[in-house]
Amino acid sequence: DCVWYGQCGYQGFGHKLNCKYTGPPKPFSTLEGLQKFKEYCPSLYTGSNVRTCCSDDQMLTLDTQMGFSRQLLQQCPSCFYNFMNLWCYLTCGPNQDEYMSVNATKPYVTPKNETVEAVISVNYAVETDSAHGMFNSCRDVQSYNNLRALSFLCGEDAETCTPQRWLDYMGNSLKSEAPFDIYFSVSSRNVTINNTVLVPLDMKPVPCYKAVSSTSKPCRCTDCPKASCDFVLPTVSPLFRTENIIIRRPKNSTRVPWINKNFTSIFDITFMHQILDLQLSITNLTAEYRNENITLEDICYAPLRPDNNNCTVMSIFNYYQNSHEMLDKVALDDYGWFVVANYLDHFLYCVWDPAAAHDASKLRTPCLGTFGGPVYPSLVLRDYEGQEYWTAKALVITFDVLNGKKVKAWEKRFYAFMKEYKTLNKDLDITYFSKVTTPSN
Ligand SMILES: CC(C)CCC[C@@H](C)[C@H]1CC[C@H]2[C@@H]3CC=C4C[C@@H](O)CC[C@]4(C)[C@H]3CC[C@]12C
């Protein structure tokens, strides 16, 4: 039986909650819902009259929330399949109540003026081997910027991530995109939570060196070290390239005090506008290749293409969506007199929670970059003490591009532009270079 069905109101910033429901699973009511279910949850699909614990609109929510993870993981089909199964069983599994229980609810008044219960946290028991199997199938999946996909999905470096930490991070509504808290129990024995016995879910994960079905392939060996060569690999070509700029200011530049922190001079607002201008000029550069005008957009890595063509630009300006206007945004107190939050408060929030859709200051502006992913502070700042990012002495801007002939042409234009910029801005200490990043490192 089910523990929830359908959606009941919101929590936080537009996160949809589910309605508590104890009863048998139900069929989908639209073709769209059914198709999404078939696409994302093939292992639960038993035919067009399949009965599940998720409504059509829950499937649409799952679809919209999956974009970023899908882009990161789908290149390794077994990993993506296992990852999806975790969310499919949670959202739709017809025997939900065996491995899941509702932990807390809040009242929700329906449009028909009935008061029902909206689920605000759940317990989810996952079998130990299943959790480890899923984790292992995904742990080496490569992503851009020399990082593994897990570095984006685990909230910490892939190196230190563990199955439990991964699940805990994803289930934490303050940190990930989870609409409510999901408390995971990884166990090989039954677990009792608030007098309810849960039988840990066996998801039957597929290892990354095996194909999910006869029509799909196992993962590449760069994404799955165990997938060695019974399957022939194309010669590994360096997939990604990054164009990097590092900028410092003279030592004696004035610092920027704000609240109780002494921000370094790179956080000076005028300076930041200047460097944002530099970044935007680079985004708009055009180069010629075989009588064709190419721009960064033609060669860049845009993880959410075709839905979102914005290039991956790793820079602190993406905390402000690369917009001068967003950088200047301030929130005033109730009397419209004092500034209670500005770009520096936003910065402090975003370095702590780069994937946030909204900061927790009065600004309520997003941290997510325009390319649809988080910007990790360690990639965009240099020379800071510990985790004290406001002490950083250098800004790093990285443009992620896909290797190819067009890139060479664009790069030439980029170098020429940077050379000139350097001569015109002698007060800045600027370094720029390209880096090849092969999927294997
Ligand atoms: C990008 C990183 C930080 C997070 C990766 C995990 C994401 C994809 C996971 C974490 C929690 C998950 C959500 C948990 C609960 C629900 C409610 C359900 O009715 C629809 C799916 C939905 C909305 C899931 C969608 C996918 C989800 C948002």
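So, here is what we can say about the structure in this document. Because the structure is predicted, anything quoted here is derived from the model rather than measured.

## Notes on the packing of aromatic side chains
For step 1, the next point in the chain: Using the criterion set out here, one finds 25 aromatic pairs in the structure.
For step 2, the next point in the chain: Considering the side-chain rings of F68 and F152, the 6.2 Å spacing of their centres and the 80° angle between planes classify their relative orientation as edge-to-face. Here F68 is found in helix α3 (residues 67-73), whereas its partner F152 is found in helix α7 (residues 149-153), with 84 residues between them in sequence.
For step 3, the next point in the chain: Looking at F152, the relative accessible area reads 3%, which means it is buried.
For step 4, the next point in the chain: Note on W410 and F414: the rings are 5.4 Å apart at their centroids and 10° apart in plane angle, and the pair reads as stacked. With W410 and F414 both in helix α14 (residues 405-424), this residue pair falls four residues apart, about one helical turn.
For step 5, the next point in the chain: Residue W410 is classed as buried on the basis of its relative accessible area of 0%.
For step 6, the next point in the chain: With relative accessibility at 0%, the residue F414 sits in the buried group.
For step 7, the next point in the chain: An aromatic cluster of at least three residues, connected via ring pairs, comprises F83, W87, Y89, Y99, Y124, F135, W166 and F184.
For step 8, the next point in the chain: The ring of Y5 carries K26 above its face, with NZ or CZ at 4.5 Å from the centroid.
For step 9, the next point in the chain: Of note, K26 hangs over the ring of Y21, and the distance from its end group to the ring centre comes to 4.5 Å.

## Section: the site of the ligand
For step 1, the next point in the chain: Around the ligand sit 19 residues in total, of which N18, Q58, Q65, S69 and T91 are the nearest.
For step 2, the next point in the chain: Between the ligand and N18 there is a distance of 3.0 Å, counted from an oxygen atom to a side-chain nitrogen or oxygen.
For step 3, the next point in the chain: Taking Q58, its side chain carries an N or O atom lying 3.1 Å from an oxygen atom of the ligand.
For step 4, the next point in the chain: In the complex, the protein chains occlude 98% of the 610 Å² of accessible area that the ligand would expose alone.
For step 5, the next point in the chain: Judged by its atoms lying within 2 Å of the grid points, the ligand is housed in the largest pocket.
For step 6, the next point in the chain: For the shell around the ligand, the elements supplying multiple residues, two or more each, are α2 (56-65), α3, α4 (77-92) and α8 (163-171).
For step 7, the next point in the chain: Of all the elements, α2 adds the most residues to the shell around the ligand, at four residues.
For step 8, the next point in the chain: Its residues assigned to classes, the shell around the ligand shows 12 nonpolar, six polar and one charged.

## Considering the packing of α2 against α4
Each pair of packed helices can be described by the angle between their axes along with the distance between the axes.
For step 1, the next point in the chain: Remark: α2 packs on α4, axes separated minimally by 11 Å, with the N-to-C direction vectors making an angle of 155°. Classified by the angle between their axes, α2 and α4 sit roughly antiparallel to one another. Judged by the sense of rotation from one axis to the other, the crossing of α2 with α4 is right-handed. Residues Q58, M59 and L62 of α2 form the contact with α4, whose own contacting residues are M84, W87, T91 and C92.

About the thresholds
- Residues numbered from 1 in each chain as written.
- Predicted model: local features only at pLDDT ≥ 70, side-chain atom pairs only at ≥ 80, totals over all residues.
- Heavy atoms only, no water.
- Phe/Tyr/Trp six-rings, centres within 6.5 Å; stacked < 30°, edge-to-face > 60°.
- Helix = DSSP H or I, 4+ residues; strand = E, 2+ residues; numbered from the N terminus.
- Buried < 20%, exposed > 50% of the residue type's maximum accessible area, 1.4 Å probe, protein only.
- Lys NZ or Arg CZ within 6 Å of the ring centre and 35° of its normal.
- Near = heavy atom within 4 Å.
- Polar contact = N/O pair within 3.5 Å; in protein donor to acceptor, adjacent residues only side chain to side chain.
- Areas by Shrake-Rupley, 256 points an atom, 1.4 Å probe, with all protein chains shown as cover.
- 1 Å grid on protein atoms, 1.4 Å probe; cavity = no way out; pocket = protein on both sides within 12 Å on 5 of 7 lines; lining within 4 Å.
- Sits in = over half its atoms within 2 Å of the grid points.
- Nonpolar A, V, L, I, M, F, W, Y, C, P; charged D, E, K, R; others polar.
- Axes fitted to C-alpha atoms, helices over the stretch in contact; angles between N-to-C directions.
- Parallel < 35°, antiparallel > 145°, perpendicular 65-115°, else oblique.
- Left-handed = near helix turned anticlockwise from the far one by under 90°.
- Contact = heavy atoms within 4.5 Å.

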